[in-house]
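# Notes for the structure review
One-letter residues, chain by chain:
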Amino acid sequence: MIRKYLRPFVVFGCIAGVSLSGCKDGKAPSEAAKSVSKPKLGIRPHGDESIKIDMAKVDPDLQKVYSYIDEHIDEHVENLQKWIQQPSISNSGEGIPETAEQVKGMFDKLGCQETKVYDVGVAEWGQPSNPVVYAHCDEGAPKTLLVYWMYDTMPVTQPDLWVAPPFEGRIVDGKTAGIDPNIRKVLVGRGAVNSKGPEMTELNAIMSLKAAMGKLPVNLIFIAEGDEERMSMGLRKFVTTHPELLKSADAMMMFGVPNFGMMGGSEGLMYIELTTSGSKWGRGPTVSDIHGAFKRSVDSPAWRHVQMLASLTSKDGNTPAIAGWSDNIQPLNPKELEALKASSKTADLKKAADNLGVARFITDDPYKMTLMTRYSTILNLDGIWGGNMYANGSGAILPNKITSKHSIRYIPNQRSADILKKIRAQLDKNGYKDVEVKMIGDQPWSKMSYDTDIAHAIEQMYDIFGTPYQKPIDGNSILEGSGASGAWPAYLFTNSEQGDPNIKPLGLPIASGGLGMGGRAHAANEYWVIEGAGKVAGMATAEKAVATQIYQYSKTTTVPPKSGSK
């Protein structure tokens, strides 16, 4: 349900000096209007932050943008609340058409000359795609920046665990949100960090740039997809079908990811489904589920499925038992190993576990944990279904079919087709030739080099904000195309290596970085920090960081833009 706010209004039906019904004290219309003020959220732009911006390095035009952000931060937070209040769950389709139109409206409000919702039809894996929202904002600037968004979110699977309704956009304190109690204001809602919070932070920054400076310092192209949680299947079709809409871009920036580093590459991510059925097995129920009482005399596909899954992994579930699972993984070089060691020295595993909502990590060794997080290929069990699915209910069922869904995150230089063959071969070897393997989708890995104008602009931002960050490794590091970056469809846009031989990417330098803080993506009580504390930036500071990146990019030109002008 989308919650709607009733806003104060004034009926201008009074004559000055005359008290009529609904006009208190005979006030004139202008006085009556002043007496009814819009409620304020009371957001403190700087919260309790200790972050110090080096204003000596900030141009006067950009300083005006900073002031504008501070003055309008209540409105900016309300923009995020309104977006959170609109569900956009790609796997169920709930709210997807409405959200696509809402996003188009955002780009219209920005003043983009061309905005359109594209229905891209059926994806190559056979599923209907969700719409892609496109916008082109021509500011007459020399350089054009392509901005990637996703507007879809994951569903809410455990509503009873939320401290506030997931589609309300409520602001709570840090203690209520289950994070640092020194943080006074946190927005809780589905999509808060993944990814409406960072994206609205970015859009607020862009709107502020235009409002304070009169025009943007760069031209912008937006592409916002509604299938990111479904392997970006619609975006893949859009980019390969409409490359002409994106050809003028000089570089690409994601939404302001708060990772205190540089993001541009991606790990690979594929989804498969494994199905055990009585009809394929030749035992157990073959036509439909049957009464559970017959387990006395009938084989169970469900128990067979459990045993099949157990045969694919170690007893603790942490190590895949699939022959050749780690084949073709590109080894780390000495610089990469040193970078991981340096990163692990500042890792606080207890705090990281608390923020994530887990009891502990697999290992208590910071270096091993950092290595596992950023350099491994994993097999996850995302869900399993069949038979009696009613929680707390009874009813005896012997299912005739069980299906489990698995996400596989893989890294250079592995290929999804090869991984799929290895799984099939292992199942056959283990005696499960009857188990069906279905590919749901694939998002290949991608690498990126960061000796680029857009990456250097982000480095300049970190310098201006006095924020230490992990410098990218020279060249096409495997770490820039693995778990460090997460999974996103960078392979469609990169100017570097990527893992799909059938795709010719657009050939763009890509980079993203940012301040701000959020967490619990895909989990209960997903959040985005509104007022910061200490070294944790609030929304206003995060917006200033985005504005700084874009502004600095407009001033950083080592590669001539495609327009040919400077």
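Residues numbered from 1 in each chain as written. Predicted model: local features only at pLDDT ≥ 70, side-chain atom pairs only at ≥ 80, totals over all residues. Heavy atoms only, no water.

Let us now look at the pairing of strand β6 (residues 185-188). In the sheet, strand β5 (residues 170-172) pairs with β6 via three bridges, with the strands oriented antiparallel. Looking at β6, one finds that V172 is bridged to V186. Sheet topology places β6 next to strand β16 (residues 527-531); four bridges connect them, and they run antiparallel. Looking across to β16, one finds that V186 is bridged to V529. (Pairing = 2+ DSSP bridges. Helix = DSSP H or I, 4+ residues; strand = E, 2+ residues; numbered from the N terminus.)

Once that is clear, we can look at the packing of helix α3 (residues 73-84) against helix α6 (residues 192-213). With their axes 10 Å apart at the nearest point, α3 and α6 run at an angle of 140 degrees to one another. Here α6 runs oblique to α3, going by the angle between their axes. For the crossing formed where α3 meets α6, the hand is right-handed. Residues H76, N79, L80, W83 and I84 of α3 lie in contact with α6, whose contacting residues are A192, K196, G197, E199, M200, N204 and S208. Grouping the amino acids of the contact of α3 with α6 by side-chain chemistry returns five nonpolar, five polar and two charged. (Axes fitted to C-alpha atoms, helices over the stretch in contact; angles between N-to-C directions. Parallel < 35°, antiparallel > 145°, perpendicular 65-115°, else oblique. Left-handed = near helix turned anticlockwise from the far one by under 90°. Contact = heavy atoms within 4.5 Å. Nonpolar A, V, L, I, M, F, W, Y, C, P; charged D, E, K, R; others polar.)

The sheet built from five strands is open, its strands ordered β2-β3-β7-β4-β8 with mixed pairing. Sheet topology places β2 (114-118) and β8 (251-254) at the edges, where each strand pairs with a single neighbour. The sheet shows a mean angle of 15 degrees between the axes of neighbouring strands, taken without regard to direction. The sheet contact formed by strand β3 (residues 132-137) and strand β7 (residues 219-225) spans six bridges and is antiparallel. Each bridged residue has a counterpart across the sheet, and for A135 the counterpart in β7 is F222.

Both the distance between ring centres and the angle between the ring planes are used here to describe each pair of aromatic rings. With the rule as written, the count across this model stands at 11 aromatic pairs. The interplanar angle of 50 degrees and the centroid separation of 5.4 Å between the aromatic rings of F107 and W149 together place this pair among those described as tilted. Taken as a pair, F107 in helix α4 (residues 96-110) and W149 in strand β4 (residues 144-150) lie far apart in primary sequence, 42 residues in all. Residues F107 and W149 agree in their burial class; the two are buried. Geometrically, the ring pair formed by Y462 and Y469 is stacked, given 4.6 Å between the ring centres and 15 degrees between the ring planes. Like Y462, the residue Y469 is buried in the burial classification. Three or more aromatic residues joined by ring pairs make a cluster, and in this case those are W83, F107, W149 and F222. (Phe/Tyr/Trp six-rings, centres within 6.5 Å; stacked < 30°, edge-to-face > 60°. Buried < 20%, exposed > 50% of the residue type's maximum accessible area, 1.4 Å probe, protein only.)

Following N194, the chain continues to S195 via a peptide bond in cis, the omega torsion being 5 degrees. Positive phi is not limited to glycine here, since N328 has a value of about 70 degrees. Take N328: it is sitting in the loop between α9 (301-310) and α10 (334-344). The residue H522 is not glycine, and still its phi comes out positive at about 70 degrees. Summarising the element assignment, H522 is placed in the loop between β15 (518-519) and β16.

In this section: the environment of G386. Tracing the backbone shows G386 in the loop between β11 (378-385) and β12 (397-398). Measuring from C-alpha to C-alpha, the distance between G386 and I397 comes to 9.6 Å, with 11 residues separating the pair along the chain.

Bringing the nonpolar core into the picture now. Counting 93 residues, the largest nonpolar core has W149, F222, F238 and F493 as the members making the most contacts within it. In terms of residue count, helix α15 (residues 539-555) provides more of this core than any other element does, eight residues in total. If we skip the residues at most four places from it in the chain, F238 touches Y118, V120, V132, Y134, I223 and L245. Of all hydrophobic cores here, the second largest spans 16 residues; its members include L309, L312, I322 and V435. (Core = buried A, V, L, I, M, F, W, Y, C linked by side-chain atoms within 4.5 Å.)

Paired through their backbone hydrogen bonds, the strands of a sheet run either parallel or antiparallel. Read across the open sheet, the four strands follow the order β11-β13-β9-β14; overall the sheet is antiparallel. Edge positions in the sheet fall to β11 and β14 (436-443), since each of these pairs with one other strand and no more. Averaged over all pairs of adjacent strands, the angle between their axes in this sheet comes to 20 degrees, without regard to strand direction. Against the sheet, helix α13 (residues 416-429) engages β9 (268-277), β13 (401-410) and β14, with an angle of about 160 degrees to β14.

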